[in-house]
Amino acid sequence: MARFNTQLVHGLPVDDNDTGAVNPPIYNSSTYAFPSVDSVPRWDYARSGNPTRDFLEHQIAQLEHGRRGFAFSSGLAAIHAVLSIFQPGDRIVAGDNVYGGSYSQLNDHFTRWGLEVTTVNTAGDLDRLERAISGNGDTAPAKAVYFETITNPLLQVNDVSRIAAIAHKYGALVIVDNTFVTPYLQQPLDLGADVVIHSATKYLAGHSDVIAGLVVTSSEDLEGRIYFAQNRLGGILAPAECDAVRRGIQTLALRMDRQQKNAKAIAQYLLKHPLVASVHYPGLGEDGEHELTVKGLRGAGGVLSFEVKEGVDPSVVLDNLHVFRLAVSLGAVESLAELPARMTHFELPREERLKVGITDELIRLSIGIEDVDDLVEDLGQALDKAYEALPLDVKQTIDADNDSQISKLIA
Ligand SMILES: *Cc1c(COP(=O)(O)O)cnc(C)c1O
């Protein structure tokens, strides 16, 4: 069987035309002719399936080590289809720092349809997680646990194997959003997950030019239920978009290698910067590398976040970036920067945000494939602008703090 990088490029080739085209065609047809009235053709109507989507669905199933893949018009459409397999009265345990759109879909949409949602920190105390899944005698065990492999924007690493072991004790399904990690760095199904979801908008497509979602499962029963949701709710991905995701996937490993190398260098630069209070990037130092290994990750990905020191205005940093674009989203070839408290997580009340660690000073970076020196210089000059904008007393506090750090280093 072909190895991972070869799979990325070729997928599972289908020889369905004699043109010699090296890429699978974009079948621009909503309907497919029946050979005769009573025949059961492979394709009939493009919502139910079409060859371009089929190629991508097989490709992602192969990469995620699953049985079957499904392509949707967005990551949230994929999540909607997966969560719609549950019944009113079912309880779902969800990570307390999942993507805002997923959080709101669960809490503002699915609770109206009778799902019960319990939120818990899946990356922290696993006993608490177990109590939440089991229901602790107060309520029936959860039907599923839903979390992201690496959380956003604080980059906490969830332990898929351990969470899956706990969930399966109570018969709960394990649904993992693998957007930040991709199958290049981890296949959650191998670690016990039952369903993997992607916002393919991010790393898989990788060029900020398409909105798409993917689902992979390894169980025959789930396969049928998710196919029903895909075909009957109808949030399918159109053939041209399927092709854009397929093409993006071909370069996933190359992009991710550079993004990780750049992200690590930037994290190390920021760690030493006098205006920076903390840096969140998994895999830093020996402890970090150990954590990744233990949790079954082959790398930390290309997103990081950092906090500027109290008194420093993070919006001055962001407004002065030139190479980084000030934008939400992530996982593309170009570097992006944003302020979670005001740009992506503003729906969360401030108190809730602070509880999960999203402070007003937190800046999130999605690192692209540019020359890392350009990215570091860009951050450096923007942080200089923020320093110049400080009132004198804050400058003095930061200078004094920095001097004492330097003298500590010398001593
Ligand atoms: C962006 C994102 C989503 C939502 O995907 P869309 O393609 O925007 O619908 C879900 N989960 C994570 C982790 C994301 O980053």
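Residues numbered from 1 in each chain as written. Predicted model: local features only at pLDDT ≥ 70, side-chain atom pairs only at ≥ 80, totals over all residues. Heavy atoms only, no water.

Engineer: Teacher, can you tell me more about the packing of helix α2 (residues 51-63) against helix α9 (residues 239-250) here?
Structural biologist: The description of two packed helices rests on the angle between their axes and on the distance between the axes. In the contact formed by α2 and α9, the axes pass within 8 Å of each other and the chain directions differ by 35°. Judged by the sense of rotation from one axis to the other, the crossing of α2 with α9 is left-handed. Judged by residue contacts, T52, R53, F55, L56, Q59 and L63 of α2 engage P239, C242, D243, V245, R246 and I249 from α9. Split into classes, the residues belonging to the contact of α2 with α9 amount to seven nonpolar, two polar and three charged. (Axes fitted to C-alpha atoms, helices over the stretch in contact; angles between N-to-C directions. Helix = DSSP H or I, 4+ residues; strand = E, 2+ residues; numbered from the N terminus. Left-handed = near helix turned anticlockwise from the far one by under 90°. Contact = heavy atoms within 4.5 Å. Nonpolar A, V, L, I, M, F, W, Y, C, P; charged D, E, K, R; others polar.)

Engineer: Which parts of the structure should I look at to understand the environment of G89?
Structural biologist: Take G89: it is sitting in the loop between α3 (75-83) and β2 (91-95). C-alpha separation for the pair G89 and A300, spaced 211 residues apart in sequence, amounts to 37 Å.

Engineer: Would you mind showing me how to read the packing of aromatic side chains here?
Structural biologist: Describing an aromatic ring pair means giving the distance of the ring centres and the angle of the ring planes. Inspection of the entire model under this criterion finds one aromatic pair. The ring of Y387 is capped by K395, whose NZ or CZ atom sits 5.5 Å from the centre of that ring. (Phe/Tyr/Trp six-rings, centres within 6.5 Å; stacked < 30°, edge-to-face > 60°. Lys NZ or Arg CZ within 6 Å of the ring centre and 35° of its normal.)

Engineer: Hey, could you run me through the site of the ligand in this one?
Structural biologist: Lining the immediate surroundings of the ligand are 13 residues, of which G75, D177, S199, T201 and K202 lie closest. Here an oxygen atom of the ligand and a backbone polar atom of L76 are 2.9 Å apart. Contacts to the ligand include T201, whose side-chain N or O atom sits 2.7 Å from an oxygen atom. Its free accessible area being 380 Å², the ligand has 93% of it covered by the protein chains. Cavity membership is defined here by more than half of the atoms lying within 2 Å of grid points; on that basis the ligand lies in the largest pocket. Residues of the shell around the ligand, tallied by class, amount to five nonpolar, five polar and three charged. (Near = heavy atom within 4 Å. Polar contact = N/O pair within 3.5 Å; in protein donor to acceptor, adjacent residues only side chain to side chain. Areas by Shrake-Rupley, 256 points an atom, 1.4 Å probe, with all protein chains shown as cover. 1 Å grid on protein atoms, 1.4 Å probe; cavity = no way out; pocket = protein on both sides within 12 Å on 5 of 7 lines; lining within 4 Å. Sits in = over half its atoms within 2 Å of the grid points.)

Engineer: How should I be thinking about the sheet that holds strand β11 (residues 336-338) in this particular structure?
Structural biologist: Taking strand neighbours across the sheet as the criterion, the five strands line up as β8-β9-β12-β11-β10 in an open arrangement whose pairing is mixed. Only two strands of the sheet have a single partner each, and these edge strands are β8 (276-280) and β10 (325-326). Here β10 pairs with β11 via two bridges, running parallel. Directly across from L326, in β11, lies its bridge partner A337. Contacts from helix α10 (residues 252-271) reach β8, β9 (303-308) and β12 (362-366) within the one sheet, and its direction differs from that of β9 by about 10°. (Pairing = 2+ DSSP bridges.)

Engineer: Just to check I follow, could you spell out the layout of surface pockets for this structure?
Structural biologist: What the largest pocket holds in volume is close to 470 Å³. Surrounding the largest pocket, 29 residues form its lining, Y99, G100, G101, S199 and K202 being those nearest its centre. Among the secondary structure elements, those contributing two or more residues to the lining of the largest pocket are α3, α4 (100-110) and β6 (195-199). Residues of the lining of the largest pocket, tallied by class, amount to eleven nonpolar, 13 polar and five charged. Lining the lining of the largest pocket are residues from two domains, each supplying at least three of them: domain 1 (4-249) and domain 2 (252-409). (Points joined across faces, edges and corners; volume = space filled by probe spheres on them. Domains from an automatic or database assignment.)

Engineer: How do you make sense of unusual backbone geometry when you look at a structure like this?
Structural biologist: Most peptide bonds are trans, and most residues other than glycine sit at a negative phi. With an omega of 0°, the peptide bond between N152 and P153 qualifies as cis. Its location among the elements puts P153 in the loop between β4 (144-148) and α6 (160-169).

Engineer: What am I meant to see in the domain arrangement of the chain here?
Structural biologist: Many structure descriptions define interface size as the accessible area lost when the parts assemble. Domain parsing of the chain yields domain 1 (4-249) and domain 2 (252-409). At the junction of the two partners, domain 1 supplies 30 residues and domain 2 supplies 36 residues. Approximately 3,000 Å² of surface area, both sides summed, lies buried where domain 1 meets domain 2, with 61% of it carried by carbon and sulfur atoms. It is L154, L185 and Y203 in domain 1 that bury the most area against domain 2; as a group they hold 25% of the surface buried on that side. (Buried area = accessible area lost by both parts, 1.4 Å probe.)

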